[in-house]
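# Observations on the three-dimensional arrangement
Now for the letters of each chain:
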Amino acid sequence: MKKVMRLVALLSLAIFASCGLEPFEEDSADSGAVETETEASSMSEESSLFLEDGDSGKFIFETNDSSYINEDGYTIWTTRDTNEGDAFAPVSATVSKESGVSEAGFGIVFCAQEIEGKPFMMAVLVNANGMYTVAEVVDGAFSHLDGGWKYFSGMRRGYGTRNEIAVTYDGGTDEFRLLINGESVKSFSVPEGALFRGSKSGFVVVIADNENFPDEPVRVVFEK
């Protein structure tokens, strides 16, 4: 991502280097929101770890590199797609975690851009325990849009199970809508000043502080 594309990379780095994705479920109670106090203090864009599997439409993330282990976790992402038009192009991926700590989040990032000179990005994370969270990052400040991690009954739990995450946009209500496995989960507002043209989207994986590296890798499969 040199020059124009280099700016995107630097923007993404600035976003995640200044805050955590709060990527861990720390309370498995079945009641509503689950707040988390764990923040990933180390983050990087590592597109080389998201390997495209031929023409299958799959991207496979896998690492057992112990250098990613620290006490607060490590967040790794890639931005692969650009919204080319003025309208929001729906973002979706079918995700499956095959190994690694079940509480650690993985999912999609989207709408990465600058708003009024401040870096901005949105994220939907799920985990293998059937939970999800929607978040936005504005100028280094992370905010849950729904109070924290929540269970969704329509999500498949466990390793190797596939869940489709999709984010669409309703121009009539000026809201995003999150769907998981085709079921509507929640709506959330578009921030004032956000532009869709030129914004970036991609994938994200969180490595927990207690991964069993190097014996067991974190492996997540993304299908476009």
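Just so you know, these numbers come straight off a predicted model, no measurement behind them.

### Re the confidence of the model for the protein
In this model, the protein carries a mean pLDDT of 82, and residues with pLDDT of at least 70 account for 79%. Note that residues 27–41 has pLDDT below 50 and, in this model, 45 contacts with residues that lie over four places away or in other chains.

### Re the packing of aromatic side chains
Considering all chains together, one arrives at 14 aromatic pairs under this definition. Their ring planes at 65° and their centres at 6.3 Å tell us that phenylalanine 88 and phenylalanine 110 sit as a pair that is edge-to-face. On the criterion of sequence distance, the pair formed by phenylalanine 88 in the loop between strand 4 (74–82) and strand 5 (91–99) and phenylalanine 110 in strand 6 (residues 106–115) is long-range, its members being 22 residues apart. Residue class for phenylalanine 88 comes out buried when judged on its relative accessible area of 9%. When the centroid spacing of 4.5 Å and the interplanar angle of 20° are considered together, the rings of phenylalanine 203 and phenylalanine 222 count as stacked.

### With respect to the nonpolar core
Side chains of nonpolar character tend, in soluble globular proteins, to be buried together. Phe110, Phe176 and Leu178 are the most contacted members of the largest nonpolar core, which has 41 residues in total. For this core, the leading source of residues is strand 6, giving five residues. What leucine 178 contacts, discounting residues up to four positions off in sequence, is Val124, Tyr132, Val134, Ile165, Ala166, Val167, Glu183, Ser184, Val185, Lys186 and Phe188. Core analysis: the second largest hydrophobic core is formed by nine residues, Trp77, Ala123, Met131 and Trp149 among them.

### Some points on the pairing of strand 12 (residues 175–180)
For a regular strand, side-chain orientation follows a simple rule: the groups alternate between the two sheet faces. In terms of strand pairing, strand 11 (residues 163–170) meets strand 12 through six bridges, oriented antiparallel. Pairing of tyrosine 169 across the sheet is with phenylalanine 176, part of strand 12. Between the antiparallel neighbours strand 11 and strand 12 lie four residues, among them aspartate 174 with a positive phi of about 55°. The hairpin turn running from strand 12 into strand 13 (residues 183–189), its antiparallel successor, is two residues long, and asparagine 181 in that turn takes a positive phi close to 55°.

Analysis parameters
- Residues numbered from 1 in each chain as written.
- Predicted model: local features only at pLDDT ≥ 70, side-chain atom pairs only at ≥ 80, totals over all residues.
- Heavy atoms only, no water.
- pLDDT = per-residue confidence, 0-100.
- Contact = heavy atoms within 4.5 Å.
- Phe/Tyr/Trp six-rings, centres within 6.5 Å; stacked < 30°, edge-to-face > 60°.
- Helix = DSSP H or I, 4+ residues; strand = E, 2+ residues; numbered from the N terminus.
- Buried < 20%, exposed > 50% of the residue type's maximum accessible area, 1.4 Å probe, protein only.
- Core = buried A, V, L, I, M, F, W, Y, C linked by side-chain atoms within 4.5 Å.
- Pairing = 2+ DSSP bridges.

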